[in-house]
Amino acid sequence: MMPIRFPCTPATRKLAVLGISIPALFSTMAASRSAQSSSTSPTDKAPTPSSPIHPYPPRHKAFPYTPRDFLRRDESDDTDFYTQPRFVTHIDDNAIRLLREYYAVNLPRKGRILDLCSSWISHFPKELEELAIVGKDEGQETGLEVVGLGMNKKELAANPILKISILQNLNVDPTIPASLFPLDATACVVSIDYLTKPLDVLSSLLQHTRTGGSVHLIISNRCFPTKAVGRWLRVSEEERLRMVGDYLWFSGWRNIEIVEVCDGRGQAPRLMGMFGGGVDPLWVVRGVKVVGKEVGKEVGEGRSEL
Ligand SMILES: C[S@@+](CC[C@H](N)C(=O)[O-])C[C@H]1O[C@@H](n2cnc3c(N)ncnc32)[C@H](O)[C@@H]1O
C-alpha cells in the first residue's frame, strides 16, 4: 500500500490562489523569535540557497494537544501494519533529489546520525552514503555511523548505509536506546505524523544528543491516513508545521526553524517534454540541542538490535 496525499489540495496551492505565499504567512512569526535562544542554527550552515527559512514562534504556554489529537482511525498494534516490507518510496523523485541536497548541506560528515522511522532507503547524498557504507566495514574508520530505527526488519536489513538497525515500536516504547548516545544529528522522514507520543520520543532524543546536535523532521503531504494521528488529518499543512514546531519546543529543542524545501507548486516532468501532475511539497522542521542533560552510556534494554 502506498501512502496517499492528505489533504488532496495542498494548502500551499490554496494560498497561491489567494495570492498569499507561505513566506508572507510566516514572516509574521519572525517577531517572536527572540523568545528562543540566540546560539547556533541547526548546523550553522545554510540550507540549499533557494529554501526559505522561517523561524518557529512558540505560541503556547503549555503543550496544547490532548489525547484525542493523537487518536488514530486504526489503533491496532503498529507491528501488524508494518509486518509486510514496503520497498517503495514515500515521496516523489523531485522531493528525494531536494532532500539529498538539503542533507548534503545540513547533516554532519562525522559522528553518529539516527534515521528515525527508517526504512530501506534513507535518501542520503552520495558522499554521505559512501562514508557510511565504508564506515560499516571493520577497520575502515570514516568517522560516520548511521543508525536506523524502524518497524520492519526486512526494510532495515536492505538499507545499505545502516551500521546498526533497531526494531522498536515508538508508540509502545518511546525511549531512544541509551546505547545510541551521543547522537550528532537525527533525521525523520515523513513519519512524525505516526507517532502518538511525540513529546516522549523527542525529549528522549534530546537527552541522547550531544550539545549542538540537531534534529530534522521532514514533512510532506502523503500519509497512511489510518495510522496518522487524528489532528494531522484535521488541520492545514501550515498548522501541521507549527504543530511539529510545538512538539520540538515542548520537548526542549531550541532554535527551531521551518525550512521550505519545496512548496509543491512545480510540475513533475513527464515523457516527451510534457509536464503533468504536481510535485510533492517538502518542509523540514528542525531544532538544535543548546544546553542540557545528556544520558550516560548505559546499554538500552528491551529492544532488538538486528
Ligand atoms: C511512510 S514510512 C517512511 C519511511 C522512511 N522514513 C522513508 O522515508 O522511506 C513510515 C515509517 O515510519 C515508521 N513507523 C511508523 N510507526 C512507527 C512506530 N510506532 N514506531 C517506530 N517507527 C514507526 C515505519 O517503520 C515506516 O518505515
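Up top you'll find the structure we're talking about.
The following paragraphs examine the structure supplied in this document.

Reading the values: rules and limits
Residues numbered from 1 in each chain as written. Predicted model: local features only at pLDDT ≥ 70, side-chain atom pairs only at ≥ 80, totals over all residues. Helix = DSSP H or I, 4+ residues; strand = E, 2+ residues; numbered from the N terminus. Contact = placed C-beta atoms within 7 Å. Near = placed C-beta within 6 Å. Nonpolar A, V, L, I, M, F, W, Y, C, P; charged D, E, K, R; others polar. Buried ≥ 20, exposed ≤ 12 C-beta atoms within 10 Å, placed from the backbone. Pairing = 2+ DSSP bridges. Axes fitted to C-alpha atoms, helices over the stretch in contact; angles between N-to-C directions. Parallel < 35°, antiparallel > 145°, perpendicular 65-115°, else oblique. Left-handed = near helix turned anticlockwise from the far one by under 90°.

## Some details on the overall build of the chain
Moving on, step 1. In terms of helices and strands, the chain carries 9 helices and 13 strands.
Moving on, step 2. Pairs at least 24 residues apart make up 79% of the contacts formed inside the chain by residues separated by at least 6 positions.

## Considerations on the environment of Ile-218
Moving on, step 1. Among the secondary structure elements, Ile-218 is positioned in strand β7 (residues 209–219).
Moving on, step 2. Counting along the chain gives 43 residues from Ile-218 to Val-261, while the straight-line C-alpha distance between them is 9.6 Å.
Moving on, step 3. Ignoring anything within four residues of it in the chain, the contact list for Ile-218 reads Leu-99, Ala-187, Cys-188, Val-189, Val-190, Leu-282 and Val-284.

## Observations regarding unusual backbone geometry
Moving on, step 1. Between Phe-181 and Pro-182 the backbone carries a cis peptide bond, its omega angle lying at 0°.
Moving on, step 2. Located in the positive-phi region is Asn-255, a residue other than glycine, with phi close to 50°.
Moving on, step 3. Its location among the elements puts Asn-255 in strand β9 (residues 254–262).

## Some thoughts on the site of the ligand
Moving on, step 1. The local shell around the ligand holds 19 residues, among which Cys-117, Gly-150, Met-151, Leu-170 and Val-189 are the closest.
Moving on, step 2. The residue inventory of the shell around the ligand, partitioned by class, reads 9 nonpolar, 9 polar and 1 charged.

## Things to note about the pairing of β9
Moving on, step 1. Counting buried positions along β9 gives 9 out of 9 residues, so the element sits mostly inside the fold.
Moving on, step 2. Where strand β2 (residues 53–55) lies against β9, 3 bridges are found, and the strand directions are antiparallel. For Pro-55, the partnering residue across the bridge sits in β9 and is Glu-257.
Moving on, step 3. In this structure, β9 lies alongside strand β12 (residues 282–288), joined through 6 bridges in antiparallel fashion. Within the sheet, the bridge partner assigned to Glu-260 lies in β12 and is Trp-283.

## Considerations on the packing of helix α7 (residues 198–207) against helix α9 (residues 237–250)
If you want to describe how two helices pack, look at the angle between their axes and the distance between the axes.
Moving on, step 1. It is at 8 Å that the axes of α7 and α9 come closest, and there the two elements cross at 50°. Overall, the two elements α7 and α9 adopt an arrangement that is oblique. Read as a crossing pair, α7 and α9 show a hand that is right-handed. For the pair formed by α7 and α9, the contact residues are Pro-198, Leu-199 and Leu-202 on the first element and Tyr-247, Leu-248 and Phe-250 on the second.
Moving on, step 2. When grouped by side-chain class, the residues that make up the contact of α7 with α9 number 6 nonpolar, no polar and no charged.

## Observations regarding the pairing of strand β3 (residues 111–116)
Moving on, step 1. The element β3 is largely enclosed, with a buried count of 5 among its 6 residues.
Moving on, step 2. Across 6 bridges, β3 lies against strand β4 (residues 144–150) in parallel orientation. Bridging across to β4, Leu-116 finds its partner in Leu-149.
Moving on, step 3. The pairing of β3 with strand β6 (residues 183–189) spans 4 bridges and is parallel.

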